[in-house]
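# Coordinate inspection notes
One letter stands for each residue in the lines below.
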Amino acid sequence: MNTISVVIPAHNEADNIGSLVQEIVATGLACEIVVVDDGSTDDTHARLLALKGSVPSLKVVQHDRAYGQSAAVATGIRQATGTIIATMDGDGQNNPADVPKMVEAILKSDNPNLKMVAGYRKKRDDPPWRIISSKLANAYRRSFLRDETPDTGCGLKVFYRSAFLELPFFDHMHRFLPALIKMKGGDVISVEVHHRPRTAGVSKYGTLNRLWVGIVDIFGVCWLRMRAKNVKITRCD
């Protein structure tokens, strides 16, 4: 039987994280909620601990310092107990109401090789400069990786925990999850999801970050794909 864990990386999201957790609960989805406080210097951790009394399904994990989003996502997944993982950003811009339909899409698929459902923010509620930089970054990734995923930067993704644990870990890997899943022989589909404006806090990435960070990683992922071997066991006595 498949169980579900929602994993949320959070760094200095004290004004967003509480309402986000409550929104997840309000969806009615039976799930564990794992929030990784990635070395926040504000009240993020304290507010999460205060929520535990009213949200029994909440698990709070804290890093001793900020290691970055990929590390926080990996920590959350390793600490999660669900066989199905849903990831979302801690800034509240992903809508938890999209999670149940994405979980249903992966569980009810007639494709046994489907390993990930990726969110696609077709209509983004962001400043124009941020939308443009994100589109350029996505286009650059697609031209090299050909992962057929229109929005790899969307934090809202649903996938099998076992599939993630087979992937190599490196900084910024969260940006390349569809390509990495396909590298391991899995299938990925994209579904349109809602996107909301940030109402509190500040973005952790600027324009240049979104345009240029990860260029070296793209070549690294290309190298990984060229060297990858997917071994299939036909018998084990």
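Summarised in this report is the structure supplied together with it.

Scoring rules and cut-offs
- Residues numbered from 1 in each chain as written.
- Predicted model: local features only at pLDDT ≥ 70, side-chain atom pairs only at ≥ 80, totals over all residues.
- Heavy atoms only, no water.
- Axes fitted to C-alpha atoms, helices over the stretch in contact; angles between N-to-C directions.
- Helix = DSSP H or I, 4+ residues; strand = E, 2+ residues; numbered from the N terminus.
- Parallel < 35°, antiparallel > 145°, perpendicular 65-115°, else oblique.
- Left-handed = near helix turned anticlockwise from the far one by under 90°.
- Contact = heavy atoms within 4.5 Å.
- Nonpolar A, V, L, I, M, F, W, Y, C, P; charged D, E, K, R; others polar.
- Buried < 20%, exposed > 50% of the residue type's maximum accessible area, 1.4 Å probe, protein only.
- Polar contact = N/O pair within 3.5 Å; in protein donor to acceptor, adjacent residues only side chain to side chain.
- Phe/Tyr/Trp six-rings, centres within 6.5 Å; stacked < 30°, edge-to-face > 60°.
- Lys NZ or Arg CZ within 6 Å of the ring centre and 35° of its normal.
- Salt bridge = Lys/Arg side-chain N within 4 Å of Asp/Glu carboxyl O.
- Core = buried A, V, L, I, M, F, W, Y, C linked by side-chain atoms within 4.5 Å.

## Some words on the packing of helix 1 (residues 14–26) against helix 2 (residues 44–51)
- As a packed pair, helix 1 and helix 2 sit with axes 8 Å apart at the nearest point and diverge in direction by 25°. When the axes of helix 1 and helix 2 are compared, the pair comes out roughly parallel. In this structure, the crossing between helix 1 and helix 2 has a hand that is right-handed. Here helix 1 contributes Ala-14, Asp-15, Ile-17, Gly-18, Val-21 and Gln-22 to the contact with helix 2, which in turn contributes Thr-44, Arg-47, Leu-48 and Leu-51.
- A class-by-class count of the residues in the contact of helix 1 with helix 2 yields five nonpolar, three polar and two charged.

## Regarding the environment of Glu-13
- Mapped onto the elements of the fold, Glu-13 is located in the loop between strand 1 (4–10) and helix 1.
- With a relative accessible area of 5%, Glu-13 lands in the buried category.
- Linking Glu-13 and Ala-200, residues 187 residues apart in sequence, is a C-alpha distance of 8.0 Å.
- There is a polar contact of 2.7 Å between the side chain of Glu-13 and the side chain of Asn-16.

## Re the packing of aromatic side chains
- Applying the stated criterion across every chain, the model contains two aromatic pairs.
- Consider the rings of Phe-159 and Phe-164, whose centres lie 6.0 Å apart with planes at 25°: the pair is stacked. Both residues of the pair, Phe-159 and Phe-164, count as buried.
- For the ring pair Phe-170 and Phe-176, a centre distance of 6.3 Å and an interplane angle of 40° mean the geometry is tilted.
- Taking the ring centre of Phe-169 as reference, the NZ or CZ of Arg-78 above it sits at 5.9 Å.
- Across from the ring centre of Tyr-160, 5.7 Å away, lies the NZ or CZ of Lys-115, which sits over that ring.

## What about helix 3 (residues 69–79)?
- When you tally the buried positions in helix 3, you get eight out of 11 residues, the bulk of the element.
- Of the positions making up helix 3, those classed as buried are Ser-70, Ala-71, Ala-72, Val-73, Ala-74, Thr-75, Gly-76 and Ile-77.
- The inward-facing, buried residues of helix 3 abut strand 1, strand 2 (32–37), strand 3 (58–62), strand 4 (84–87), strand 6 (157–160) and helix 6 (161–165).

## Some points on the pattern of salt bridges
- Tallied over the full model, the rule gives eight salt bridges.
- In this structure, Arg-47 and Asp-15 form a salt bridge, with 3.2 Å as the shortest nitrogen-oxygen distance. Residue Arg-47 is located in helix 2, and its partner Asp-15 is located in helix 1; the two are separated by 32 residues in the primary sequence.
- Its salt-bridge partner being Glu-23, residue Arg-196 comes within 2.8 Å of it at the nearest N-O pair. You can see Arg-196 sitting in the loop between strand 7 (187–192) and helix 8 (207–212) and its partner Glu-23 sitting in helix 1, a full 173 residues away along the chain.
- With a relative accessible area of 28%, Glu-23 lands in the partly exposed category.

## Observations concerning the nonpolar core
- Among the nonpolar cores identified, the biggest contains 55 residues, and Ile-8, Ile-17, Ile-33, Val-35, Met-88 and Phe-164 are the most heavily contacted of them.
- Ranked by residue count, the leading element in this core is strand 1, at five residues.
- Beyond its immediate chain neighbours, meaning those up to four positions away, Ile-17 contacts Ile-8, Ala-10, Val-35, Thr-44, Leu-48 and Gly-90.

## Quick notes on the environment of Gln-79
- As for its position among the elements, Gln-79 is in helix 3.
- The exposure class of Gln-79 is partly exposed, given its relative accessible area of 41%.
- Aside from chain neighbours lying at most four places away, what touches Gln-79 is Lys-59 and Val-61.

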